[in-house]
Amino acid sequence: MSSQSLAAKLRDGSTVVTGWSTLAVPILAELMARSGYEAVTLDMQHGHHDILSVREGIAASSLGGAHRIVRIPVEDNATASRVLDLGAEAVIAPMINNAADAVAFADAVKYPPVGKRSWGPHRAAMLNGEVPADYLERANRDLLALAMIETPEAIAALDEILAVPGIDGVFVGPSDLSLTLSNGASLDPNGPETQAVAAEIAAKANAAGKFAGIFCLLPEKVHEARAMGYCLMAYGIDMMLVTAGATEAVSETR
Ligand code: 3PY
Ligand code: MG
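Quick summary incoming for the structure in this document.

Conventions adopted
Each chain carries its own residue numbering, running from 1 in the written order of its sequence. All chains are assigned letters beginning with A, and all ligands numbers beginning with 1, in the order in which they are written. In view of the model being predicted, local features appear only for residues whose pLDDT reaches at least 70, and side-chain atom pairs are presented and counted only at 80 or more, with totals across whole chains, interfaces and linings using the full set of residues. Hydrogens and waters are ignored; side-chain quantities use all the structure's heavy atoms. What counts as a helix is a DSSP run of H or I of at least four residues, what counts as a strand is a run of E of at least two, and both are numbered from the N terminus. As defined in this context, the radius of gyration uses C-alpha atoms, and a globule is described by 2.2 Å times the residue total to the power 0.38. A 1.4 Å probe rolled over the protein chains alone gives each residue an accessible area, and that area as a share of the maximum for its type sets the label: buried under 20%, exposed over 50%, partly exposed in between. Accessibility throughout is a Shrake-Rupley quantity obtained with a 1.4 Å probe, and a residue counts as covered only by protein chains that appear here. All tallies of charge rest on Lys and Arg as positive and Asp and Glu as negative; His and the ends of each chain are not included. For the purpose of locating charges, the reference atoms are NZ of Lys, CZ of Arg, CG of Asp and CD of Glu. Put simply, a nonpolar core is a bunch of buried Ala, Val, Leu, Ile, Met, Phe, Trp, Tyr and Cys residues held in one set by side-chain atoms that sit within 4.5 Å of each other. Two residues qualify as a contact provided that any one of their heavy atoms is within 4.5 Å of a heavy atom in the partner residue. Note on geometry: axes are C-alpha line fits, over the in-contact stretch for helices, and angles between N-to-C directions span 0 to 180 degrees. Roughly parallel means an angle under 35 degrees; roughly antiparallel, over 145; roughly perpendicular, 65 to 115; everything else is oblique. For any helix crossing, the convention is left-handed if the near helix is rotated counterclockwise from the far helix by under a right angle, and right-handed if that rotation is clockwise. Charged means Asp, Glu, Lys or Arg here, nonpolar means Ala, Val, Leu, Ile, Met, Phe, Trp, Tyr, Cys or Pro, and polar covers whatever is left, Gly included. Here a donor is an N, O or S atom found within 2.8 Å of the metal, or within 3.2 Å if the metal is Na, K or Ca; sites may look incomplete because water is not among the atoms. Two aromatic rings, drawn from Phe, Tyr or Trp (for Trp, its six-membered ring), form a pair once their centres lie within 6.5 Å of each other, and the interplanar angle then sorts them: stacked below 30 degrees, edge-to-face above 60, tilted otherwise.

What to know about the overall build of the protein chain
Link 1 in the chain: From N to C terminus, the protein chain includes 13 helices and eight strands.
Link 2 in the chain: Whereas a compact globule of 254 residues would reach a radius of gyration of roughly 18 Å, the protein chain reaches 17 Å, a difference of no more than 12%.
Link 3 in the chain: With the C-alpha coordinates of the protein chain rotated into their principal frame, the extents come out at 55 × 45 × 30 Å.
Link 4 in the chain: For the protein chain, the proportion of its 254 residues judged to be buried stands at 52%.
Link 5 in the chain: Of the roughly 11,000 Å² that the protein chain leaves accessible, carbon and sulfur atoms contribute 58%.
Link 6 in the chain: Looking at charge distribution, the protein chain has the averaged site of its 18 positive side-chain charges lying 6 Å from that of its 30 negative ones.

What follows is the structure, given as structure tokens:
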């Protein structure tokens, strides 16, 4: 590896803000990296990304100097292993609701003896300038499995999810959390109730010695999340960033 891994940075106590790539356009991921994002997350759950755009997006983010994170679709653990083989440094799995979900996800991210990931990280090793043996030596330590906590069921099972050895941390989805906590009555990711639950999740994760990450919809939420003990904050969706920039450029010409 040319520089410190994402995992090592987080373990050293750094906080990292990741841009959120939804458009299956690798150069946009590279532009986010070149604009200063320390990490770029390629979203295969709600974003447009497929495995080919993730393959190119990982390389483009790396070229731009950013850490590479991928959010996989729901219950798609085979894709967790594939995106790691393509060079992802962390995988975010949505809707992890219990310990069994967490074990199945961790199994796809970690090699034996921790998990059951199958061998074949040739592109990942190439991207890092490593030989496969070096990749294997650090893989279980450096490649992160982050379980999304977004339902009351997941909150009830949080201690068991955090106790799964191959789970490195949690990642809070405040939109789904507000939707499920209100049983479909409201979408209130920035509201005080959602944020209070987010604070409790971070406290539990930190107490368990695991990382806490969260999706933020406002810049001030990034600062608040840091104060709550979060170390990985997603803020800035490519589609919104392009729209905001274009809207401003057009308005300046009127
Ligand atoms: C949520 O807020 O539910 C998310 O999954 C963020 O992308
Ligand atoms: Mg969600």
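Now, onward.
Things to note about the nonpolar core
Link 1 in the chain: Ranked by internal contacts, the top residues of the largest apolar core, which has 56 residues, are Val70, Phe105, Ile201 and Tyr230.
Link 2 in the chain: In this view, Tyr230 contacts Thr15, Val172, Ala198, Ala199, Ile201, Ala202, Ala212, Gly213, Ile214 and Ala225; residues no more than four positions away in its chain are not counted.
Link 3 in the chain: By size, the runner-up hydrophobic cluster in this structure holds 19 residues, among which are Leu6, Ala90, Phe211 and Ile237.

Thoughts on the packing of helix 2 (residues 26-34) against helix 3 (residues 51-63)
Link 1 in the chain: In the contact formed by helix 2 and helix 3, the axes pass within 8 Å of each other and the chain directions differ by 25°. With respect to their mutual orientation, helix 2 and helix 3 come out roughly parallel. Pair helix 2 / helix 3 crosses with right-handed handedness. For the pair formed by helix 2 and helix 3, the contact residues are Pro26, Ala29, Glu30, Ala33 and Arg34 on the first element and Ser53, Glu56, Gly57, Ala60, Ser61 and Leu63 on the second.
Link 2 in the chain: Residues belonging to the contact of helix 2 with helix 3 are distributed by class as follows: five nonpolar, three polar and three charged.

Some details on the coordination of the magnesium ion (ligand 2)
Link 1 in the chain: Coordination of the magnesium ion (ligand 2) by the protein is provided by Glu150 (OE) and Asp176 (OD), with metal-donor distances spanning 2.1 to 2.2 Å. Of this pair, Glu150 sits in the loop between strand 5 (144-149) and helix 8 (152-156) while Asp176 sits in helix 10 (residues 174-181); the two residues are 26 residues apart in sequence, bridging distant segments of the chain.

Some remarks on the packing of aromatic side chains
Link 1 in the chain: On inspection of all chains with the given rule, the structure shows four aromatic pairs.
Link 2 in the chain: Seen in terms of ring centroids, Trp20 and Phe171 are 6.2 Å apart; in terms of plane orientation they differ by 25°. Their pairing is stacked. With Trp20 in strand 1 (residues 16-21) and Phe171 in strand 6 (residues 169-172), the pair connects residues that are 151 residues apart, well separated along the chain. By the burial criterion, Trp20 is buried, and Phe171 matches it.
Link 3 in the chain: Note on Trp119 and Tyr135: the rings are 6.4 Å apart at their centroids and 65° apart in plane angle, and the pair reads as edge-to-face. Of this pair, Trp119 sits in the loop between helix 5 (99-109) and helix 6 (122-128) while Tyr135 sits in helix 7 (residues 132-142), placing them 16 residues apart in sequence.
Link 4 in the chain: Given the relative accessible area of 41%, Trp119 is considered partly exposed.
Link 5 in the chain: Among the aromatic residues, ring-to-ring pairing joins Trp20, Phe171 and Phe215 into one connected group.

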